[in-house]
Amino acid sequence: MSETTTPLTPEAGAPSAELPAAPQPPGSGATAAAPRGGRGALVRWALWLLLAVVMFLAPVYLPGQYLTVGTWVMTGAVGAMGLTMLVGQAGQLSLAHSFFLLVGGVSYAVLSGDGSDGFIGLHLPTFVALVLAVAITALVGAAFAPVSGRLSGIYLGVASLSLVFLGWYLARSLPSLAGTTSSGRYVEDLHLFGFYFGEKSPSLYVLDVPIGQNERLWWLFATLTAIAYAVARGAVRGRIGRAWRAVRDNEAAATVMGVSVVRQKAIAFAVSSSYAGLAGVMVVWWYDGLLKPDEAVDSGTYSTSVAIAYLAMVVIGGVGSLGGAILGSAIVFGMPLILPLLTQGDGSGINAVSGTDFSPVVITNLIYGALIVLIIVFEPGGFAGLGRKLTARLRRG
Amino acid sequence: MSILVQVLLNGTGRGAIYALLALGFVIIYKATEVVNFAHGSLALFGGYLTYALKSQVGWYLAALLGVLSAALLAFLLERLILSRAKLASQDSLAILTIGVDIIILTEISRRLGTEAAPFLGDPYQGIRLSILGATVEGPQIVALISAIVLIGAFFVVFRYSSWGLAMRAQSENKEAAALMGIRSSRVTSSAWAVGGALAGIAVLFIATLPIAGGAGLTAAHTIAFAAFPAAILGGLTSPGGAVVGGLTVGLVEAFSQQYINQDFAKVAVYLVMLIVLVARPSGLFGRVEQQRV
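Just so you know, these numbers come straight off a predicted model, no measurement behind them. (Residues numbered from 1 in each chain as written. Chains lettered and ligands numbered in written order. Predicted model: local features only at pLDDT ≥ 70, side-chain atom pairs only at ≥ 80, totals over all residues. Heavy atoms only, no water.)

## Concerning the overall build of chain B
Phase 1: Assigned secondary structure in chain B consists of 13 helices and two strands.
Phase 2: Computed over C-alpha atoms, the radius of gyration of chain B comes to 19 Å, within 12% of the 19 Å expected from 2.2 N^0.38 for 293 residues, which places it in the range of a compact globule.
Phase 3: Expressed as lengths along the three principal axes of its C-alpha atoms, the size of chain B is roughly 55 × 45 × 35 Å.
Phase 4: Per-residue burial for chain B yields a buried fraction of 57% across its 293 residues.
Phase 5: Restricting the contact set of chain B to residue pairs at least 6 apart, pairs at least 24 apart contribute 75%.
Phase 6: By element, 65% of the accessible surface of chain B is carried by carbon and sulfur atoms, the whole surface being about 12100 Å².
Phase 7: Here chain B holds 18 positive side-chain charges and 13 negative ones, and the gap between their average locations is 8 Å. (Helix = DSSP H or I, 4+ residues; strand = E, 2+ residues; numbered from the N terminus. Rg over C-alpha atoms; globule rule 2.2 N^0.38 Å. Buried < 20%, exposed > 50% of the residue type's maximum accessible area, 1.4 Å probe, protein only. Contact = heavy atoms within 4.5 Å. Areas by Shrake-Rupley, 256 points an atom, 1.4 Å probe, with all protein chains shown as cover. Lys, Arg positive; Asp, Glu negative; His and termini not counted. Charge placed at Lys NZ, Arg CZ, Asp CG, Glu CD.)

Structure, rendered in structure tokens:
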């Protein structure tokens with residue numbers, strides 16, 4: 001089977017009610033269509049190895065603020081990979097991604113917290129808490145099945161939006177679980193085999209650079225992103241991915257072929273939300289262990305605007321493309337953090353601007369809003385689609 | 001007793017505003033099958049223009065210009081952007097409107113800045129009426145009256161004019177309508193303009209003290225979010241459903257605000273929508289989509 005799995009119905013086929021069905025999967029541009037085995041595979045492995053070395057050494061050369069930008073982008077990338085599978089592969093519009101982030105974050109806080117200061121905490125080892133938090137989020141996603149199985153398209157999108165409102169309300173009204181909106185609650189970073197990722201006064205040095213919290217989180221987040229990418233790629237290319245695309249392209253035809261539509265939709269939601277759950281835990285770590293519910297339902301870490309931002313990442317990158325999800329996150333999550341660093345040299349400007357200035361957040365919002373419009377009008381495949389066209393043209397010579 | 005009357009009146013007043021928004025939503029959906037996520041931004045745009053102009057040309061002319069500008073913006077949106085994305089599916093077009101929404105919302109919030117939130121309902125801000133021991137605030141009375149007049153007018157036009165006939169024909173079957181000589185572009189762009197105008201009218205009542213509280217114009221976009229459940233609950237294809245949905249949302253919100261709490265009111269609206277959708281996936285009065293294999 002070739003690397004580019006074709007959807008069941010040809011692309012230019014009957015007017016489909018689904019999202020732009022980008023042919024799958026992405027891989028890294030030029031290498032994606034290379035033949036298996038032989039030199040192509042060797043080159044591909046060499047590139048992956050190079051990427052791994054670069055990611056490992058980055059903390060040594062990059063200053064701390066740039067590392068936090070990178071870790072934030074990786075957080076977004078993990079979440080966006082989950083959403084792009086749901087929207088692009090399984091064809092289900094979801095505006096609930098920020099809700100599943102919240103579920104992941106709260107689960108981790110409750111499972112790993114030590115139960116002091118009036119917060120509920122089970123004081124489990126942090127790694128166990130991480131795994132369970134992801135599992136719980138997957139279950140919550142699967143529990144949405146009665147709704148997701150019955151609805152499709154835009155009705156499902158708006159129905160899932162109600163989860164964000166529900167999560168916002170629950171987080172505010174259960175401060176013993178989620179912390180209060182004013183001070184939140186703190187939980188530990190990951191302890192793994194005696195290695196503490198929240199280390200503030202490090203004794204570990206690599207090439208004379210102290211490996212503190214920023215550096216350690218970079219490694220951790222890069223590893224998690226790589227695992228998430230590998231698992232997602234496996235799912236998309238395998239049996240599950242084929243079933244999802246069958247459901248996406250035509251529910252009735254999928255049923256006829258023996259695919260259980262309701263079950264596949266539930267699985268898609270579960271997989272997608274487990275990614276969001278992992279991203280939610282990463283969000284808590286990124287904020288130095290702080291979990292804090294939002295003040296308002298339309299702005300904040302778990303708000304409707306974040307749900308929309310995730311959708312923007314997916315669309316900008318190319319709906320259904322995993323590589324595109326990472327690129328989308330770099331634009332939507334990376335830009336507001338990197339702009340002030342590049343222009344002023346420190347991160348203090350992020351929230352310092354007020355009033356009617358063109359702050360980095362304003363600029364980013366304008367850019368990604370415009371990108372969404374331009375992409376849907378001109379290039380429904382997003383950046384992944386552009387990349388595919390470009391490599392195809394280069395190969396033709 | 002007077003509390004109950006008060007809650008009913010508040011709910012109906014707010015419901016009228018939601019009905020205006022939801023009706024605009026449904027008109028746009030019926031004509032183009034696009035769920036317009038930029039509806040809140042259209043309202044915000046009209047409101048901002050009214051606010052910017054009212055000190056120079058007076059409230060009434062400013063309000064008129066605000067409404068017209070919202071209609072014009074919606075019209076241009078359809079003509080310049082949506083009609084060009086011919087290959088995109090319904091869902092993609094909905095996402096496209098999200099992109100438009102982000103741009104307009106970002107720019108207008110930037111212009112409004114962090115200064116005190118502007119209010120719009122100048123002529124009726126101070127009016128109060130007492131009914132059965134309950135007080136109704138001016139904006140709600142005017143909103144209710146305007147909604148009744150406008151929605152009534154819409155139904156008359158929709159039923160008896162050639163525009164309404166063309167609209168109905170097109171939402172029934174686009175190709176057949178085109179074959180019968182209906183100009184699809186004219187119908188769709190006019191539907192967008194009407195939807196935009198309704199949003200521009202609704203904002204005149206939203207950005208008032210009793211509705212937006214301390215948040216003024218900036219609340220318009222948030223409040224317009226409640227038009228989603230209103231439109232979906234009634235069924236995206238049914239103008240009558242939009243009115244029922246709007247009133248339902250208004251009343252659910254008012255009752256849960258009074259008897260549970262402020263936060264829960266925002267969720268309750270969505271929960272009601274969710275329950276309706278599970279029972280009837282196309283809303284209360286929506287047409288059930290049929291699929292041919």
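## Focus: the overall build of chain A
Phase 1: Counting its secondary structure elements, chain A contains 16 helices and six strands.
Phase 2: For chain A, with 397 residues in total, the buried portion stands at 55%.
Phase 3: Surface summary for chain A: the accessible area is close to 16500 Å², and the carbon and sulfur share equals 67%.

## Thoughts on the pairing of strand 1 (residues 128-131) of chain B
All names here are of chain B.
Phase 1: Inspection of the sheet shows strand 1 paired to strand 2 (residues 134-137) by four bridges, in the antiparallel sense. Across the sheet, the residue bridging to Leu-129 is Val-136, located in strand 2.
Phase 2: A loop of two residues connects strand 1 with strand 2, the two strands running antiparallel in sequence, and Leu-132 in this loop sits at a positive phi of about 50°. (Pairing = 2+ DSSP bridges.)

## A short note on the interface of chain B and chain A
Phase 1: Contacts between the two partners involve 46 residues from chain B, matched on the other side by 44 residues from chain A.
Phase 2: Summed over both sides, the interface between chain B and chain A buries roughly 4200 Å², with carbon and sulfur atoms accounting for 76% of that surface.
Phase 3: Looking only at chain B, the three residues that lose the most surface to chain A are B:Asp91, B:Ile95 and B:Arg110, adding up to 16% of its buried area.
Phase 4: Our count for the contact surface shared by chain B and chain A stands at one salt bridge.
Phase 5: Linking A:Arg172 and B:Asp263 is a salt bridge whose minimum nitrogen-to-oxygen distance equals 2.7 Å.
Phase 6: Every element with two or more residues in the side of chain B that touches chain A is listed here: helix 4 (90-112), helix 11 (227-234) and helix 13 (262-279) of chain B.
Phase 7: If you tally residues by element for the side of chain B that touches chain A, the top one is helix 4 of chain B, at 14 residues.
Phase 8: When its residues are assigned to classes, the side of chain B that touches chain A shows 27 nonpolar, 12 polar and seven charged. (Buried area = accessible area lost by both parts, 1.4 Å probe. Salt bridge = Lys/Arg side-chain N within 4 Å of Asp/Glu carboxyl O. Nonpolar A, V, L, I, M, F, W, Y, C, P; charged D, E, K, R; others polar.)

## Some points on unusual backbone geometry
Phase 1: The phi dihedral of A:Asp288 falls on the positive side, at around 60°, and the residue is not glycine.
Phase 2: For A:Asp288, the location among the structural elements is in the loop between helix 11 (261-286) and strand 6 (290-291).

## Describing helix 8 (residues 184-206) of chain B
Phase 1: For helix 8 of chain B, which comprises 23 residues, the first-to-last C-alpha distance of 33 Å matches the rise-based estimate of 33 Å (1.5 Å per residue) to within 8%.
Phase 2: Counting buried positions along helix 8 of chain B gives 19 out of 23 residues, so the element sits mostly inside the fold. (Expected span 1.5 Å × (residues − 1).)

## Remarks on the environment of A:Asn214
Residue and element names in this part refer to chain A.
Phase 1: Note that Asn-214 resides in helix 8 (residues 213-237).
Phase 2: In this structure Asn-214 comes out as partly exposed when scored by relative accessible area, which is 29%.
Phase 3: The spatial distance from the C-alpha of Asn-214 to the C-alpha of Gln-65 is 8.4 Å, given a sequence separation of 149 residues.
Phase 4: Non-local contacts of Asn-214, meaning those with residues more than four positions away in its chain, are made with Gly-64, Leu-67 and Thr-68.

## What to know about the packing of aromatic side chains
Phase 1: Applying the stated rule across the entire model yields 24 aromatic pairs over all chains.
Phase 2: With 5.6 Å between their ring centres and 85° between their planes, A:Tyr108 and A:Trp285 make a pair best called edge-to-face. You can see A:Tyr108 sitting in helix 3 (residues 97-112) and its partner A:Trp285 sitting in helix 11, a full 177 residues away along the chain. By the burial criterion, A:Tyr108 is buried, and A:Trp285 matches it.
Phase 3: A centroid spacing of 3.9 Å and a plane angle of 20° characterise the contact between A:Phe165 and B:Tyr270, whose relative ring orientation is stacked. Of this pair, A:Phe165 sits in helix 6 (residues 153-173) while B:Tyr270 sits in helix 13, which puts the two residues in different chains. B:Tyr270 matches A:Phe165 in its accessibility class, with the two residues each being buried.
Phase 4: Among the aromatic residues, ring-to-ring pairing joins A:Phe165, B:Phe25, B:Phe37, B:Phe225, B:Phe228 and B:Tyr270 into one connected group. (Phe/Tyr/Trp six-rings, centres within 6.5 Å; stacked < 30°, edge-to-face > 60°.)

## Here we look at helix 11 of chain B
Phase 1: Most of helix 11 of chain B is tucked away, with eight of its eight residues classed as buried.
Phase 2: Along helix 11 of chain B, the residues that are buried comprise B:Ala227, B:Phe228, B:Pro229, B:Ala230, B:Ala231, B:Ile232, B:Leu233 and B:Gly234.
Phase 3: Looking at the packing, one finds that the buried side of helix 11 of chain B touches helix 6 of chain A together with helix 1 (2-32), helix 10 (219-224), helix 12 (239-259) and helix 13 of chain B.
Phase 4: A positive phi of about 110° marks B:Gly235, the residue just after helix 11 of chain B.

## Considerations on the pattern of salt bridges
Phase 1: In total, this model carries eight salt bridges over all chains according to the counting rule given.
Phase 2: We note a salt bridge from A:Arg248 to A:Asp249, for which the minimum N-O separation is 3.1 Å. Residues A:Arg248 and A:Asp249 agree in their burial class; the two are buried.
Phase 3: Across the pair B:Arg128 and B:Glu137 runs a salt bridge whose closest N-O atoms are separated by 3.3 Å.
Phase 4: Judged by its relative accessible area of 53%, B:Arg128 falls in the exposed class.
Phase 5: Residue class for B:Glu137 comes out partly exposed when judged on its relative accessible area of 23%.
Phase 6: Each of B:Glu107, B:Arg110 and B:Arg111 takes part in salt bridges that share partners, so that together they form one network.

## Concerning the packing of helix 3 of chain A against helix 4 (residues 126-143) of chain A
Residue and element names in this part refer to chain A.
Phase 1: Helix 4 packs onto helix 3 with a crossing angle of 145° between their chain directions and a minimal axis gap of 8 Å. Here helix 3 and helix 4 pass one another in a crossing that is right-handed. Each of Phe-99, Phe-100, Val-103, Gly-104, Ser-107, Tyr-108, Leu-111 and Ser-112 in helix 3 lies in contact with helix 4, whose residues at this interface are Thr-126, Ala-129, Leu-130, Leu-132, Ala-133, Ile-136, Thr-137, Val-140 and Gly-141.
Phase 2: The class makeup of the residues in the contact of helix 3 with helix 4 is 11 nonpolar, six polar and no charged. (Axes fitted to C-alpha atoms, helices over the stretch in contact; angles between N-to-C directions. Left-handed = near helix turned anticlockwise from the far one by under 90°.)

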